[in-house]
Amino acid sequence: MDDKYDLVELDVERTVGIKVTFADNYSAEIDLMTLRLICPCAMCRSLREKGKAAWPQSEGSQKLSIRDAQFHGSWGVNITWSDGHNTGIYTFQFLRENAESHLNSGLDRP
Ligand SMILES: [Zn+2]
């Protein structure tokens, strides 16, 4: 596997987000909300296709946090959210690409 897409370290800050470190020493933080909004599962994908946000899914949803995050095989990360949602598997490549694009777009933020 390309070092760039080889996740070697995953730090979970349950109420903040995750920090990912790759084999080429690139590391980045991805915040909770970004992570949830890019959830790659079929359900969230179809919500996005309809122009709806993947979060919140209902009125009065509890505050978003990560309940658990586990490596899924050697290629992905499975995150369980505070509302029980856990069908998204974030591949290392997906996390890397999002970390990079998020950092770039972050430059425009106030
Ligand atoms: Zn999802």
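In what follows, the accompanying structure is described. Fair warning: this is a prediction, and the values are worked out from it, not measured in the lab. (Residues numbered from 1 in each chain as written. Predicted model: local features only at pLDDT ≥ 70, side-chain atom pairs only at ≥ 80, totals over all residues.)

1. Observations regarding the pairing of strand β2 (residues 17-22)
Counted only if it meets this: Strands qualify as paired when DSSP identifies two bridges or more between them. Starting at the N terminus, helices and strands are each numbered in turn, a helix being any DSSP run of H or I of at least four residues and a strand any DSSP run of E of at least two.
Relative to β2, strand β1 (residues 7-13) runs antiparallel, the two sharing 6 bridges. Its bridge partner lying in β2, E13 is registered against G17. Between β1 and β2, which pair antiparallel in sequence order, lie 3 residues. Pairing analysis gives 5 bridges linking β2 to strand β3 (residues 27-31), with the strands arranged antiparallel. Within β3, the position partnered with K19 by the bridge is E29.

2. As for the environment of R36
The condition that has to hold: C-beta atoms are first placed from the backbone for all residues, and any pair lying within 7 Å is then listed as a contact.
Residue position: R36 is located in helix α1 (residues 32-37). As for R36 and I66, which are separated by 30 residues in sequence, their C-alpha atoms are 9.5 Å apart. In this structure R36 touches A54, W55, L64 and W81, once residues within four positions along its chain are discounted.

3. Re the sheet that holds strand β4 (residues 66-72)
Two orientations exist for strands paired in a sheet by backbone hydrogen bonds: parallel and antiparallel. Note the following rule: To get an axis, a line is fitted to the C-alpha atoms, and for a helix only the part in contact is used. The angle between two axes follows their N-to-C directions and goes from 0 to 180 degrees.
Spatially, β4-β5-β6 is the arrangement adopted by the 3 strands of the open sheet, whose pairing is antiparallel. Edge positions in the sheet fall to β4 and β6 (89-91), since each has one partner strand and no second. Averaged over all pairs of adjacent strands, the angle between their axes in this sheet comes to 25°, without regard to strand direction. Judged from the 6 bridges that link them, β4 and strand β5 (residues 76-81) form a sheet pairing that is antiparallel. Bridging from a neighbouring strand, H72 pairs with G76 of β5.

4. Some remarks on the sheet that holds β3
Read from one edge to the other, the open sheet built from 3 strands follows the order β1-β2-β3, with strand pairing classed as antiparallel. At either end of the open sheet lies a strand with only one pairing partner, and these are β1 and β3. Each adjacent strand pair in this sheet contributes to an overall mean axis angle of 20°, direction not counted.

5. Remarks on the nonpolar core
Considering soluble globular proteins, one finds that nonpolar side chains tend to be buried as a cluster. Filter applied, for reference: In these notes, a nonpolar core means any group of buried Ala, Val, Leu, Ile, Met, Phe, Trp, Tyr and Cys residues linked to one another through C-beta atoms within 7 Å. With C-beta atoms placed from the backbone, a residue counts as buried when 20 or more other C-beta atoms lie within 10 Å of its own, as exposed when 12 or fewer do, and as partly exposed for counts between those limits.
If you look at the biggest cluster of nonpolar residues, it comprises 17 residues, and the most contacted ones within it are L7, V20 and L95. Sorting the residues of this core by element identifies β2, α1, β5 and α3 (92-106) as the ones contributing at least two each. Residue contacts for V20: discarding those within four places in its chain leaves L7, L10, S27, A28, I30, L95 and A99.

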